[in-house]
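Given next are the chains, with one letter for each unit.
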Amino acid sequence: MTETESGVGRTTRESGGERRAPRRNRQGIAQRLVALGAVAVVAATALVASGTGAGAQSDTPYSTIDPASPGADDIQTLYKLIFWMALVVFVGVQFAIVYTAMRFRRARPGAERPAQIHGNRRLEIIWTVIPAVVLLIILIPTITTLYDQSSAAEEADIVVDVYGKQWWWEMHYQGDTTGQQLGVVTANELHLPVDREVIIRLHSTNVIHSFWVPRLAGKMDIIPGHTNSLSITPTQTGEFFGECTEFCGTQHAWMRFKVVVHEEANFYQWVNDWRTGHPSTTNQDAPADVAKAPQSFALCLACHRVNGLEGSAAPIGLEAPQTMGPNLTNFGCRDALASGILVNNRENVIAWLGNPEAVKPGNFMATQIKEDTLTPEQEAELADYLLGLKPEGGCIETSGQ
Ligand code: CUA
């Protein structure tokens, strides 16, 4: 493009009465636009690359864009709407800024100053109305979704009370629609049947926590003295990961849990296995036909329970003191230890029993079990006993992902 042409183009565009110096470097603008375009392409490629990775669930168990329940799906729909609207607004605003900066800049040092403008009623009305319309388009489905989520949490097939502890989770199963009291009390693993409406009621007697399983439901705070409820209807079997999302003390980051979604028959098998537990006693003088737990386990029974085990009566639930620990029935079937901090294997159970404070500083078990409380032999026998706590028919396999 020649200088003459660019000069002509400039004159015809200046019909608005502004006076501007003729510009000689239109080629410069073209180059800059190409450079900007290149940056945009690189940024977009990076975005797309990071976006495609999110599809692989095994790598991203906390994915918020891979819903597996109607509630999470509604949130996802809302998220997409807001994302695309924000993208349009972002691109529009950036384009306007870049265009304005280039079109109305001072062409070169010493050139005449462009016209100085103050206020434009029409423009101001336009840029007030457009954002108002955008916000309205976002507001209406947002409020609808909020009310839908709230009314979904009113009726259910199964009700589970979840207690936020420092720093682990206790799940208390109430009745199901057949009128059967499930009565299960477990820790850090929430087992659910697929395609059943479940209401999670959230309780705390200590500090504020927040319950979040990104693939199954929105985030909800757990507030002492106030019960919040949320609804989950998992539509896929498999494992889903959750964690506490409100800072609640030193081990907040290690307040994780897992939701295991079973086929209905497997879920009820899991309930039955849990109820049966492990009939045994810590009394080593018991008759030979009575199963015996290690005598050292009597110490654990001050705070923990194992179903079926004689003397297993540590307090649980809202009235239980803060220091009470998880119910350990079928402990051998759990994948993780101490709310997700360790993989559940012999070596780690021994490390945990040997010095809980070293593994998870600040936890309540560490106030009772010090480095020298148990002998290495006791730690080993307890680890073997705990890992052997499995149902007779074996642990329920998780189907699906
Ligand atoms: Cu509980 Cu953070």
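Check the entry above for the structure.
Calculation criteria
- Residues numbered from 1 in each chain as written.
- Predicted model: local features only at pLDDT ≥ 70, side-chain atom pairs only at ≥ 80, totals over all residues.
- Heavy atoms only, no water.
- 1 Å grid on protein atoms, 1.4 Å probe; cavity = no way out; pocket = protein on both sides within 12 Å on 5 of 7 lines; lining within 4 Å.
- Points joined across faces, edges and corners; volume = space filled by probe spheres on them.
- Helix = DSSP H or I, 4+ residues; strand = E, 2+ residues; numbered from the N terminus.
- Nonpolar A, V, L, I, M, F, W, Y, C, P; charged D, E, K, R; others polar.
- Disulfide = S-S within 2.5 Å.
- Buried < 20%, exposed > 50% of the residue type's maximum accessible area, 1.4 Å probe, protein only.
- Pairing = 2+ DSSP bridges.
- Axes fitted to C-alpha atoms, helices over the stretch in contact; angles between N-to-C directions.
- Core = buried A, V, L, I, M, F, W, Y, C linked by side-chain atoms within 4.5 Å.
- Contact = heavy atoms within 4.5 Å.
- Phe/Tyr/Trp six-rings, centres within 6.5 Å; stacked < 30°, edge-to-face > 60°.
- Lys NZ or Arg CZ within 6 Å of the ring centre and 35° of its normal.

Engineer: Break down the layout of surface pockets for me, with residues and values.
Structural biologist: What the second largest pocket holds in volume is close to 920 Å³. Every element with two or more residues in the lining of the second largest pocket is listed here: β10 (256-262), α6 (297-300), β11 (336-337), β12 (342-343) and α7 (346-354). Broken down by class, the residue content of the lining of the second largest pocket amounts to 28 nonpolar, 10 polar and six charged.

Engineer: Now, about the state of the cysteines: what can you tell me, with residues and values included?
Structural biologist: Considering all chains together, one arrives at one disulfide under this definition. The disulfide partner of Cys 333 is Cys 395, and the gap between their sulfur atoms is 2.1 Å. Handedness here is read from the sign of the S-S torsion; for Cys 333 and Cys 395, about -90°, the answer is left-handed. With Cys 333 in the loop between α6 and β11 and Cys 395 in the segment after α9 (376-387), the pair connects residues that are 62 residues apart, well separated along the chain. Take Cys 303: it sits in no disulfide, and the sulfur closest to it among the cysteines is that of Cys 300, at 8.9 Å. Residue Cys 303 is classed as buried on the basis of its relative accessible area of 17%.

Engineer: Go over the sheet that holds strand β1 (residues 158-164) with me, naming the residues and quoting the values.
Structural biologist: By way of backbone hydrogen bonds, the strands of a sheet pair with one another, either parallel or antiparallel. Read from one edge to the other, the open sheet built from five strands follows the order β3-β2-β1-β5-β8, with strand pairing classed as mixed. The strands lining the two open edges of the sheet, one partner per strand, are β3 (185-187) and β8 (228-232). Put simply, the sheet's adjacent strands are angled 25° from each other on average, direction ignored. Alignment of strand β5 (residues 198-204) against β8, held across five bridges, turns out to be antiparallel.

Engineer: For empty space enclosed by the protein, give the residues involved together with the corresponding values.
Structural biologist: All chains considered together, the criterion is met by two cavities of 30 Å³ or more. Taken as a whole, the largest cavity holds about 50 Å³ of empty space. The wall of the largest cavity is formed by Tyr 163, Gly 164, Lys 165, Ser 204, Thr 205, Asn 206, Gly 317, Leu 318, Ala 320, Pro 321 and Gln 322. Classifying every residue of the lining of the largest cavity gives four nonpolar, six polar and one charged.

Engineer: Summarise the nonpolar core; cite the residues concerned and give the values.
Structural biologist: One finds Val 160, Trp 169, Tyr 173, Leu 190, Ile 200, Phe 211 and Val 259 to be the most contacted residues of the largest nonpolar core, which totals 35 residues. Of all the secondary-structure elements, those providing two or more residues to this core are β1, β2 (169-176), β4 (189-193), β5, β8, β9 (238-244), β10 and α5 (264-276). Per-element tally for this core: the top contributor is α5, with four residues. The residues touching Leu 190, leaving out its near neighbours within four places in the chain, are Val 160, Met 171, Tyr 173, Ile 200, Phe 211, Lys 258, Val 259 and Val 260. If you look at the next biggest cluster of nonpolar residues, it comprises 23 residues, including Cys 300, Leu 353, Ala 383 and Tyr 385.

Engineer: Lay out the packing of aromatic side chains with the relevant residues and their values.
Structural biologist: Centre-to-centre distance and the angle between the planes together describe a pair of aromatic rings. Under the counting rule described, the total for this entry stands at 12 aromatic pairs. Residue placement shows Lys 219 over the ring face of Trp 212; its charged tip is 4.5 Å from the ring centre. A cation over a ring is seen here: Arg 256 above Trp 254, with NZ or CZ 4.8 Å from the ring centre.

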